[in-house]
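What follows is each chain in one-letter form.
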Amino acid sequence: LPERLPDIPGVTIAARYWAAGAVSEVGGDFYDAFPIGPNRWALVIGDVCGTGPQAAAVTAVARHTIRAAAMHDADHTQVLNWVNEAILQGSSELFCTLLYSTLELLADGSWRYVSVAGGHPLPIVVGADSATSMIGSYGTLIGIMPQIWVTPTETILRRGSTLTLHTDGVNDVRPPHGLTDEELRTMVSE
């Protein structure tokens with residue numbers, strides 16, 4: 001996990017991490033946020049299958065590959081392709097889900113949010129009017145096949161919007177603690 005989140009003028013950014021399993025076991029969930037240009041930031045969240053040292057190693061490969069690709073101006077699909085190739089080149093048989101997105105301040109004060117999901121749960125946006133929706137489309141898992149299929153999605157966020165990125169730990173746990181997509185959207189909206 002990053003040591004600290006960046007300051008993004010005009011945006012409140014926060015992260016929460018609650019491990020569902022044993023506190024001492026290293027998990028595969030990760031996130032990152034970092035600047036990639038003037039008025040432009042990368043927002044990343046992912047989940048490596050498994051736990052322990054192998055999952056931590058794949059997490060490190062994914063995070064550092066994402067940063068390298070983003071800093072070399074790779075587009076959203078290329079970033080996921082770089083990560084896919086890096087994980088396939090590794091000796092682990094683990095894979096991950098990944099959401100890579102960018103947030104860019106526009107001249108009118110709104111924000112362009114572009115995201116691409118490689119098998120990862122989709123972001124939830126709540127507009128200033130309280131309308132809630134999931135953004136994007138699911139793509140293939142990262143680190144399974146030599147070629148991935150993903151589709152970048154662009155959304156304009158206006159003042160008062162709330163964007164939530166999450167891992168499948170929110171709705172992948174056993175009842176009564178797991179949430180359906182609809183329950184999660186309602187909770188985020190409230």
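These numbers were taken from a predicted model, which means no experiment stands behind them.

Topic: the overall build of the chain
Then, number 1: Each helix and strand counted, the chain has 3 helices and 8 strands in total.
Then, number 2: Reading the secondary structure of the chain in the N-to-C direction produces β-β-α-α-β-β-β-β-β-β-α.
Then, number 3: The principal-axis extent of the C-alpha atoms belonging to the chain is close to 45 × 45 × 30 Å.
Then, number 4: Considering the chain as a whole, with its 190 residues, one finds that 39% of them fall into the buried category.
Then, number 5: Accessible surface for the chain amounts to roughly 10600 Å². Of this, 52% is attributable to carbon and sulfur atoms.

Side note on the sheet that holds strand β8 (residues 162–164)
Then, number 1: Spatially, β6-β5-β8 is the arrangement adopted by the 3 strands of the open sheet, whose pairing is antiparallel. Among the strands making up the open sheet, the edge pair consists of β6 (132–134) and β8. Across the sheet, the axes of successive neighbouring strands diverge by a mean angle of 20°, strand direction being ignored.
Then, number 2: Alignment of strand β5 (residues 124–126) against β8, held across 3 bridges, turns out to be antiparallel. Across the sheet, the residue bridging to Val126 is Thr162, located in β8.

Description of the packing of aromatic side chains
Then, number 1: Under the counting rule described, the total for this entry stands at 1 aromatic pair.
Then, number 2: Judged by centre distance (6.0 Å) and plane angle (50°), the rings of Trp41 and Trp111 are tilted. In this pair, Trp41 sits in strand β2 (residues 40–48) while Trp111 sits in strand β4 (residues 111–118), placing the two residues 70 residues apart along the sequence. We note that Trp41, like Trp111, is buried.

Regarding the packing of helix α1 (residues 53–71) against helix α2 (residues 76–89)
The angle between the axes and the distance between the axes are what describe a pair of packed helices.
Then, number 1: At a closest axis distance of 9 Å, the pairing of α1 and α2 adopts a crossing angle of 145°. The crossing of α1 and α2 is right-handed. Between α1 and α2, the residues in contact are Val58, Val61, Ala62, Thr65, Ile66, Ala68, Ala69 and Ala70 and Val79, Trp82, Val83, Ala86 and Ile87, respectively.
Then, number 2: Of the residues contributing to the contact of α1 with α2, the split by class is 12 nonpolar, 1 polar and no charged.

Side note on a nonpolar patch on the surface
Then, number 1: On the surface, a nonpolar cluster with roughly 360 Å² of combined accessible area is contributed by Leu141, Ile144, Met145 and Trp149.
Then, number 2: Looking at where Ile144 falls in the secondary structure, it is placed in the loop between β6 and β7 (153–157).

Looking at the side chain of Asp32
Then, number 1: Its place among the elements puts Asp32 in strand β1 (residues 29–37).
Then, number 2: The buried category is assigned to Asp32, whose relative accessible area is 4%.
Then, number 3: Looking at Asp32, its side chain comes within polar contact range of the side chain of Arg63, at 3.1 Å.
Then, number 4: Polar side-chain contacts of Asp32 include one of 2.8 Å to the side chain of Arg67.
Then, number 5: With residues up to four places along the chain from it excluded, the contact list for Asp32 reads Pro2, Ala42, Leu43, Val44, Arg63 and Arg67.

Some details on unusual backbone geometry
Most peptide bonds take the trans configuration, and most residues that are not glycine carry a negative phi.
Then, number 1: Its identity as a non-glycine residue notwithstanding, Asn39 has a phi of 60°, on the positive side.
Then, number 2: On the secondary structure map, Asn39 appears in the loop between β1 and β2.
Then, number 3: A positive phi angle, near 60°, is found at Asp73, a position not held by glycine.
Then, number 4: Tracing the chain through its elements places Asp73 in the loop between α1 and α2.

Basis of the calculations
Residues numbered from 1 in each chain as written. Predicted model: local features only at pLDDT ≥ 70, side-chain atom pairs only at ≥ 80, totals over all residues. Heavy atoms only, no water. Helix = DSSP H or I, 4+ residues; strand = E, 2+ residues; numbered from the N terminus. Buried < 20%, exposed > 50% of the residue type's maximum accessible area, 1.4 Å probe, protein only. Areas by Shrake-Rupley, 256 points an atom, 1.4 Å probe, with all protein chains shown as cover. Pairing = 2+ DSSP bridges. Axes fitted to C-alpha atoms, helices over the stretch in contact; angles between N-to-C directions. Phe/Tyr/Trp six-rings, centres within 6.5 Å; stacked < 30°, edge-to-face > 60°. Left-handed = near helix turned anticlockwise from the far one by under 90°. Contact = heavy atoms within 4.5 Å. Nonpolar A, V, L, I, M, F, W, Y, C, P; charged D, E, K, R; others polar. Patch = residues over 30% accessible without salt bridge, like charges linked within 9 Å, V, L, I, M, F, W, Y side chains within 5 Å. Salt bridge = Lys/Arg side-chain N within 4 Å of Asp/Glu carboxyl O. Polar contact = N/O pair within 3.5 Å; in protein donor to acceptor, adjacent residues only side chain to side chain.

In short, geometric facts, not functional conclusions.
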